[in-house]
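Understanding the architecture of this molecule
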Amino acid sequence: MKFPTLPVLLIGLALSACAERPAGKSVPEPRLALSQVTLEPGTARRMINAYRAERGLPALALEKRLTRAAMQHARDLAKGDRISHTGTDGSDPWTRVRANGYKPRLAAENVGAGQRSFGELLQGWKESPGHNKNLLLADATQMGIALVKTPNGKYRTFWTLVLGKPR
C-alpha cells in the first residue's frame, strides 16, 4: 500500500529524524479533519506509559520545561514546513531543553509530521526502530509533548516528544 508520505518516510528513517505514517502494518484510523486533530498531553502520557509498562519500564511524568522545548521545536518545524531534529537556529534537542531551564542527564526527541491523531503517531513511532528505542529508554523519567497545526503546507501537523531525566 502506498502512502503520500512514503518518500519522506524513507528520507526520515535514513536520517532517523521523523515518524511518518506506517506502511500498512495496522488498520488505519479514519482520517480526521485538521480542525479535529488535538493533543491531550495526559492521554498521550498514559498511552506511552502503558506501552512502557508492557515492557517492564517505569512511567514518565509530564515536565513543563520539556513541554516548552517540545512546543518550541514543533513551532519551528511548522514554520518551515519541515521535519528535522535540527532547529532552524542550528539547535539540537539537548540545546533546546537546556535553553528551557532543564538540566539533563538524558535527553531524547521524537518528531512526526502529517499524522492526524496521537494514536497514528504513536503507532508510527513504535514501528520505527530509532523512535521506538527512545520510547523505551529505561532511564527516562520525564516527558514533554507538543502539537502544532498549520492549515497550509505539506504536513499540516507537527508533533514533538521530548524525553528526559534531570541531573
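Calculation criteria
Residues numbered from 1 in each chain as written. Predicted model: local features only at pLDDT ≥ 70, side-chain atom pairs only at ≥ 80, totals over all residues. Heavy atoms only, no water. Helix = DSSP H or I, 4+ residues; strand = E, 2+ residues; numbered from the N terminus. Buried < 20%, exposed > 50% of the residue type's maximum accessible area, 1.4 Å probe, protein only. Contact = heavy atoms within 4.5 Å. Areas by Shrake-Rupley, 256 points an atom, 1.4 Å probe, with all protein chains shown as cover. Phe/Tyr/Trp six-rings, centres within 6.5 Å; stacked < 30°, edge-to-face > 60°. Salt bridge = Lys/Arg side-chain N within 4 Å of Asp/Glu carboxyl O. pLDDT = per-residue confidence, 0-100. Expected span 1.5 Å × (residues − 1). Polar contact = N/O pair within 3.5 Å; in protein donor to acceptor, adjacent residues only side chain to side chain.

1. Overview of the overall build of the protein
Counting secondary structure elements, the protein contains six helices and four strands. Reading the protein from its N end, one meets helices and strands in the order α-α-β-α-α-β-α-α-β-β. When burial is assessed residue by residue, the protein has 50% of its 167 residues classed as buried. Relative to all contacts within the protein whose residues are 6 or more apart in sequence, the contacts with residues 24 or more apart total 71%. Of the accessible surface of the protein, which amounts to about 8300 Å², a share of 55% is contributed by carbon and sulfur atoms.

2. Quick word on the packing of aromatic side chains
Across all of its chains, the model carries three aromatic pairs by this definition. With centroids separated by 6.4 Å and ring planes inclined at 55°, the aromatic side chains of Phe118 and Trp159 adopt a geometry described as tilted. Separated by 41 residues along the polypeptide, Phe118 in helix 5 (residues 118-127) and Trp159 in strand 4 (residues 157-166) bring together distant segments of the chain. Judged by relative accessible area, Phe118 falls into the buried class, the value being 7%. Between Tyr155 and Phe158, the aromatic rings sit 5.9 Å apart at their centres with planes inclined by 75°, giving edge-to-face as the arrangement. Across the pair, exposure class does not vary: Tyr155 and Phe158 are buried alike. Through a chain of ring-to-ring contacts, three or more aromatic side chains come together here, namely Phe118, Trp125 and Trp159.

3. What to know about the pattern of salt bridges
The tally for this structure, following the rule as stated, stands at four salt bridges. Where Arg96 meets Glu109, a salt bridge forms, and the shortest distance between an N and an O atom there is 2.9 Å. Taken together, the residues span a long stretch of sequence, with Arg96 in helix 4 (residues 93-99) and Glu109 in strand 2 (residues 104-113) at a distance of 13 residues. For the pair formed by Arg96 and Glu109, the shared burial category is buried.

4. A look at the confidence of the model for the protein
This prediction gives the protein a mean pLDDT of 85; 81% of its residues lie at or above 70. Below pLDDT 50 for its whole length, residues 1-27 participates in 49 contacts with residues either more than four positions away or in separate chains.

5. Section: helix 3 (residues 64-80)
Along its 17 residues, helix 3 runs 24 Å from first to last C-alpha, staying within 8% of the 24 Å computed at 1.5 Å per residue. For helix 3, every residue scored as buried is listed here: Leu66, Ala69, Ala70, His73, Ala74, Asp76, Leu77 and Ala78. Looking at the packing, one finds that the buried side of helix 3 touches helix 4, strand 2, strand 3 (142-149) and strand 4. Its side-chain oxygen placed 2.7 Å from the backbone nitrogen of Arg65, Glu63 serves as the N-cap of helix 3. Following helix 3 by one or two positions, Asp81 adopts a phi angle in the positive range, close to 50°.

6. Brief notes about the side chain of Asp76
Following the sequence through the fold, Asp76 ends up in helix 3. Of note is the side chain of Asp76, whose polar atom sits 2.6 Å from the side chain of Thr88.

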